[in-house]
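Notes for the structure review
Okay, here's what each chain looks like letter by letter:
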Amino acid sequence: NGKRVLVTAGGTREAIDPVRYIGNRSSGKMGYAIAEAAVARGAAVTLVSTAALPSPAGVNVVKVESAEEMRQAVLAAYDAADIVVKAAAVADYRPTIVADKKIKKAAEDSLTIVLQRNPDILQELGSRKKSQFLVGFAAETHDLEAYAKEKIAKKNLDMIVANDVTAAGAGFGTETNIVKFLFPDGSKTELSCLPKRAVADKLFDAVLQRLPGAAK
């Protein structure tokens, strides 16, 4: 109650031309469940989203599409936030050149699209962090804990939510998730398969235990 929470959700879309884009399989359901859990606990919530899902009641939803649009929206809200949960699946790369007209099929059997790196929003937030409690996500297909621990250190996180998207009940678009919470001190909490809203409540239980000034 009284906290300002910033959440991101969905997979970004990186334009190839006015019709096509590069994207990923993220539905945004986990991020929306997190926003709902936060507002239910009395927080003022801003949700930066690419997802085509109904807006949660009481949540300020900022709709974006690309990684750069998400970056701008997140940075605009970051300084005022107390808790930040970056649940969105942000594309690592985008096309270097975006065609202004639909690319037509040519005689060649292949088409080459050159990609360039997108800004790493989570790492930028970690480098700018002042008093914010910063939570990242690691959706992986292998070496889950190794990658998650690397992200904690590299991106200056206070917590990371790691899940193997190949596991039954934990993939993109499901109503459930199977996650591990990992922390900078090496501790971790493993959850069984739960509805995403239940995972969101467990997430905030963990965050609130670790906020500065929290009762131990």
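Described below are features of the structure shown in this document. (Residues numbered from 1 in each chain as written. Predicted model: local features only at pLDDT ≥ 70, side-chain atom pairs only at ≥ 80, totals over all residues. Heavy atoms only, no water.)

**Here's the deal with the layout of surface pockets**
As a reminder of what qualifies: Using only the protein atoms, space was sampled on a 1 Å grid; points where a 1.4 Å probe fits but cannot get out form cavities, open sets with protein on both sides within 12 Å along at least five of seven lines form pockets, and lining residues are those with an atom within 4 Å of a point. Grid points are joined across faces, edges and corners, and a volume is the space filled by probe spheres set on the points. Secondary structure counts use DSSP, requiring at least four H or I residues in a row for a helix and at least two E residues in a row for a strand, with both numbered from the N terminus. Gly falls in the polar group here, along with every residue not listed as nonpolar (Ala, Val, Leu, Ile, Met, Phe, Trp, Tyr, Cys, Pro) or charged (Asp, Glu, Lys, Arg).
As a volume, the largest pocket reaches approximately 1,000 Å³. Taken together, 42 residues form the lining of the largest pocket, with Ala-89, Val-90, Asp-92, Phe-137 and Lys-151 sitting closest to its centre. Listing elements by their share of the lining of the largest pocket, those giving two or more residues are helix H1 (29–40), helix H3 (121–128), strand E9 (133–140) and helix H4 (144–154). Counting residues per element, the lining of the largest pocket draws most heavily on H4, which supplies four residues. For the lining of the largest pocket, the residue count by class is 18 nonpolar, 13 polar and eleven charged. By volume, the second largest pocket is sized at about 160 Å³.

**Quick look at the pairing of strand E4 (residues 44–49)**
Along a regular strand, successive side chains alternate from one face of the sheet to the other. Test applied: When a residue's accessible area, from a 1.4 Å probe over protein chains only, is under 20% of the maximum for its type it is buried; when over 50% it is exposed; and in between it is partly exposed. When DSSP finds at least two bridges between two strands, those strands are taken to pair.
Counting buried positions along E4 yields five of six residues, so the element is predominantly enclosed. One ladder, built from six bridges, connects strand E1 (residues 4–9) with E4; its direction is parallel. Note on E4: the bridge partner recorded for Arg-4 is Ala-44.

**Describing the sheet that holds strand E13 (residues 188–190)**
Test applied: Between N-to-C directions, angles cover 0 to 180 degrees, with each direction set by a line fitted to C-alpha atoms, over the stretch in contact for helices.
Here we have eight strands laid out as an open sheet, ordered E5-E4-E1-E6-E9-E10-E12-E13, and mixed in their pairing. Looking along the sheet, the strands with just one partner apiece sit at the ends: strand E5 (60–63) and E13. Pairs of neighbouring strands in the sheet enclose a mean axial angle of 15°, with direction left out of account.

**Some details on unusual backbone geometry**
Here the phi dihedral of Asp-143 falls at roughly 50°; this positive angle occurs in a residue that is not glycine. Relative to the elements of secondary structure, Asp-143 occurs in the loop between E9 and H4. With phi around 60°, Asn-156 is a residue other than glycine that occupies positive phi space. Along the chain, Asn-156 falls in the loop between H4 and strand E10 (159–164).

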